[in-house]
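Fold and geometry: a report
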Amino acid sequence: AFTYHAVTHPIYVRSSSTPQSFDIIFFTGQCWVLIDVMQSRTTGNNLSMQEYMDNDPEFLSILNSTIYFGSNVSIVTGSVVNAANSHTPLGLRWFRMREQDPRLPYNYPTADESRPVQVTAECATCNNSTNPCSYGGICTANQTCDCINGGSGALCHQLPLGDAICNPFFNTEFYDYDGGDCCGGSCEGPQCGLGG
């Protein structure tokens, strides 16, 4: 996450598979918004998102049009003006944006709470103290998890149960013997029981 001088909260960035394109989440002053993929108009070289935010004059106008007119908004959280957790989008509920009224001079992005979206914001950067990797994963020097025991996801938090591969770490009664992957009688698939 980067902090941009135009806003008081961090801006969270996710790179897109398209070069020079990014998804960003930022705080508007009332809620958090996710902007659809936005592309740097800067040509000639591949800029990082931080360089884009610092050097592309169009970036501030994109922020302003999002904050005041709801432009480019994909989804939005409910209002967090008075909430103690307004400093982060983690753990908040997300919604489609309320339909805008073209007669108004400003259309601040607000949540249509009748249209929830099943999205969860998670911090993908590991830290052994505050955001550790799950299920024995190792937090590496670049703050990404090495999921050595078969878990998956940014923090190794997704269990590999029932995938027809026996993962010894999960071969316990608590994990139902890796979801049956380590039991020949209850496993289905070509690799049943392998590795356990």
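None of the values given here were measured: they were computed from a predicted structure.

By the bridge criterion, two bridges tie strand 5 (residues 73-77) to strand 6 (residues 94-97) in an arrangement that is antiparallel. Its bridge partner being in strand 6, Val-76 is matched across the sheet by Phe-95. Sheet analysis places strand 6 next to strand 7 (residues 111-117), joined by three bridges and oriented antiparallel. Note on strand 7: the bridge partner recorded for Phe-95 is Pro-116.

Following the sequence through the fold, Gln-100 ends up in the loop between strand 6 and strand 7. Along the chain, Gln-100 and Gly-70 lie 30 residues apart, while their C-alpha atoms are 8.0 Å from each other. Ignoring any residue separated from it by four or fewer positions in sequence, one finds Gln-100 in contact with Phe-69, Asn-107, Tyr-108 and Pro-109.

Applying the stated criterion across every chain yields a total of two salt bridges. Residue Arg-115 pairs with Glu-99 through a salt bridge whose shortest N-O separation is 3.8 Å. With Arg-115 in strand 7 and Glu-99 in the loop between strand 6 and strand 7, the pair connects residues that are 16 residues apart, well separated along the chain. In this structure Arg-115 comes out as partly exposed when scored by relative accessible area, which is 32%. The exposure class assigned to Glu-99 is exposed, which follows from its relative accessible area of 65%. Here the salt bridges do not stand alone but share partners, grouping Glu-99, Asp-112 and Arg-115 into one network.

Residue pairs three or four apart in sequence face the same way in an α-helix, which turns once every 3.6 residues. Taking 1.5 Å per residue as the helical rise, helix 2 (residues 58-69) with its 12 residues ought to reach 16 Å, and the 16 Å between its terminal C-alpha atoms agrees with that figure. Turning to helix 2, its buried residues number three or more, namely Phe-59, Ile-62, Leu-63, Ser-65, Thr-66 and Ile-67. Looking one or two residues beyond helix 2, the residue adopting positive phi is Gly-70, at roughly 70 degrees.

Okay, the side chain of Asp-181 next. Take Asp-181: it is sitting in the segment after helix 3 (176-179). Residue Asp-181 is classed as buried on the basis of its relative accessible area, which comes to 2%. Only 3.0 Å separates the side chain of Asp-181 from the backbone nitrogen of Gly-162, close enough to count as a polar contact. Separated by 3.0 Å, the side chain of Asp-181 and the backbone nitrogen of Ala-164 make a polar contact.

About the criteria used
Residues numbered from 1 in each chain as written. Predicted model: local features only at pLDDT ≥ 70, side-chain atom pairs only at ≥ 80, totals over all residues. Heavy atoms only, no water. Pairing = 2+ DSSP bridges. Helix = DSSP H or I, 4+ residues; strand = E, 2+ residues; numbered from the N terminus. Contact = heavy atoms within 4.5 Å. Salt bridge = Lys/Arg side-chain N within 4 Å of Asp/Glu carboxyl O. Buried < 20%, exposed > 50% of the residue type's maximum accessible area, 1.4 Å probe, protein only. Expected span 1.5 Å × (residues − 1). Polar contact = N/O pair within 3.5 Å; in protein donor to acceptor, adjacent residues only side chain to side chain.

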